[in-house]
Amino acid sequence: MADDARRTQRRLERTILDLLERRGPGTTICPSDAARAVYAADDDGWRALMEPVRRAARRLAAAGEVEITQRGRPVDPDRARGPIRIRRIRRTP
């Protein structure tokens, strides 16, 4: 994998976590929120980042950092089709 691709992946993962941190516990983000935050221009080129954001979310889910939801319920990230949301894992004290 090229260095640029690795940097983009890490940036997407950090952006997802940063957005969730700013939104607070129990809230979700749409993958498009992260794609728009990373994409620098004003046009709709952020759409090309949608699948990379979904992959970044799956990596974070595998690491136990986030969960992928559909209709408010956690789903298997590898089986999710259609619109998804991303939220931090709820940690119990």
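Everything here concerns the structure above.
Throughout this description, residue numbers start from 1 for each chain and increase along the sequence as written. Only residues with pLDDT of at least 70 are given local features in this predicted model, and only at 80 or more are side-chain atom pairs given and counted; all residues enter the totals for whole chains, interfaces and linings. The side-chain values count all of the structure's non-hydrogen atoms but skip hydrogen atoms and water molecules.

**Remarks on the pattern of salt bridges**
Turning to step 1, where the next piece is worked out: Counted as salt bridges are all cases of a side-chain nitrogen of Lys or Arg within 4 Å of a carboxyl oxygen of Asp or Glu. This structure, assessed with the given rule, holds 11 salt bridges.
Turning to step 2, where the next piece is worked out: As a salt-bridge pair, Glu67 and Arg87 come within 2.5 Å of each other at their nearest N and O atoms. A residue pair is termed long-range when its members are at least 10 positions apart, and Glu67 in strand β2 (residues 66-70) and Arg87 in strand β4 (residues 85-88) qualify at 20 residues.
Turning to step 3, where the next piece is worked out: Taking the shortest distance from any N to any O, the salt bridge between Asp76 and Arg79 comes out at 3.6 Å.
Turning to step 4, where the next piece is worked out: Working definition: with a 1.4 Å probe on protein chains only, accessible area under 20% of the residue-type maximum means buried, over 50% means exposed, and in between means partly exposed. Assessed through its relative accessible area of 38%, Asp76 is described here as partly exposed. Think of it this way: any DSSP run of H or I at least four residues long counts as a helix, any run of E at least two long counts as a strand, and we number them from the N terminus.

**Some remarks on the sheet that holds strand β1 (residues 28-29)**
Turning to step 1, where the next piece is worked out: Whether two strands pair depends on DSSP finding at least two bridges between them. Taken together, the 4 strands give an open sheet; going across it, the order is β1-β4-β2-β3, and neighbouring strands pair in antiparallel fashion. Unpaired on one side and paired on the other, β1 and β3 (73-74) mark the two borders of the sheet.
Turning to step 2, where the next piece is worked out: Note that β2 and β3 share 2 bridges and pair antiparallel. Within β3, the residue paired with Thr69 across the bridge is Pro74.
Turning to step 3, where the next piece is worked out: Residue contacts follow a heavy-atom distance rule, with two residues in contact if any of their heavy atoms lie within 4.5 Å. Between N-to-C directions, angles cover 0 to 180 degrees, with each direction set by a line fitted to C-alpha atoms, over the stretch in contact for helices. Packing of helix α3 (residues 50-62) onto the sheet brings it into contact with β2 and β4, and relative to β2 it is tilted by some 120°.

**A word on the packing of aromatic side chains**
Ring pairs (aromatic) are described by centroid distance and by the angle formed between their planes.
Turning to step 1, where the next piece is worked out: Each pair of aromatic rings taken from Phe, Tyr and Trp, with Trp reduced to its six-membered ring, is defined by centres within 6.5 Å and is described as stacked if the planes are under 30 degrees apart, edge-to-face if over 60, and tilted in the remaining cases. What the rule picks out here adds up to 0 aromatic pairs.
Turning to step 2, where the next piece is worked out: Arg36 extends its terminal NZ or CZ atom over the ring of Trp46, reaching a point 3.8 Å from the ring centre. Geometrically, a lysine NZ or arginine CZ counts as sitting over a ring once it is within 6 Å of the ring centre and also within 35 degrees of the ring normal.

**Quick notes on the pairing of β2**
Turning to step 1, where the next piece is worked out: Counting buried positions along β2 yields 5 of 5 residues, so the element is predominantly enclosed.
Turning to step 2, where the next piece is worked out: Side chains Val66, Ile68 and Gln70 of β2 all project onto a buried face; the interleaved residues Glu67 and Thr69 project onto the opposite face, where all are buried too.
Turning to step 3, where the next piece is worked out: Two strands pair when backbone bridges link them, and β2 and β4 are joined in this way by 4 bridges, in the antiparallel orientation. By the bridge assignment, Thr69 is partnered in β4 with Arg85.
Turning to step 4, where the next piece is worked out: The hairpin turn running from β2 into β3, its antiparallel successor, is 2 residues long, and Arg71 in that turn takes a positive phi close to 55°.

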